[in-house]
Amino acid sequence: MDLKEIQNLIKFVAKSGASEVKLEMDDVKITIKTGSDERETTILQQVPMQAAPQVQQPVQQQPSSPQQQESATTGGEANAAQEDKGYVTIKSPIIGTFYRKPSPDKGPFVEVGDSVKVGDVLCVIEAMKLFNEIESEISGKIVKVLVDDSSPVEFDQPLFLVDPS
């Protein structure tokens, strides 16, 4: 199972409203849980297994209604969109821990005001003991860093604002 398939599975589970999904294949075991505190918790484990693929999906619903969740997030997103108009948002492609520096004794990859070009490393995200370099997909100037160093990040969470002009 590649990263794109895992990301699509996470999106599907988030939209379905299920509280937990377990997927077991030859060498991969994935458990995706959505908690009642309106935050998703995703656990990925890679373990050797001999069992046939199984998919279990409980039909338990989240306690709060989707309309309440949508209205709460829509208001905040509208304000953020007005403030950040004209900027490009660089989002996290994976779930993990966000680091601005290559190591604790070195400086950050980028600072606010730095110019970046396509392919420049902006940060690293640690996922399953692997450090994944996140590269810029656009050229421009870093306007804002949206995540604190050593913070957990979710899939598709905004990390940086870039002014492409």
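Conventions and cut-offs
- Residues numbered from 1 in each chain as written.
- Predicted model: local features only at pLDDT ≥ 70, side-chain atom pairs only at ≥ 80, totals over all residues.
- Heavy atoms only, no water.
- Pairing = 2+ DSSP bridges.
- Helix = DSSP H or I, 4+ residues; strand = E, 2+ residues; numbered from the N terminus.

For the rest of this paragraph, the subject is the pairing of strand β12 (residues 158-163). In this structure, strand β5 (residues 88-91) lies alongside β12, joined through 4 bridges in antiparallel fashion. Within the sheet, the bridge partner assigned to Thr 89 lies in β12 and is Leu 161. With 4 bridges connecting them, strand β10 (residues 140-145) and β12 associate as antiparallel partners. Bridge pairing in β12 links Lys 144 to Leu 161.

In this section: unusual backbone geometry. Positive phi is not limited to glycine here, since Met 128 has a value of about 55°. Examined against the element boundaries, Met 128 turns out to sit in the loop between β8 (121-127) and β9 (130-135). You will see that Lys 129, though not glycine, has its phi angle at about 70°, which is positive. Summarising the element assignment, Lys 129 is placed in the loop between β8 and β9.

A sheet is described by the order of its strands in space; here 4 strands give the open sequence β5-β12-β10-β7, paired in antiparallel fashion. The two strands at the open ends of the sheet, each matched to only one other strand, are β5 and β7 (115-116).

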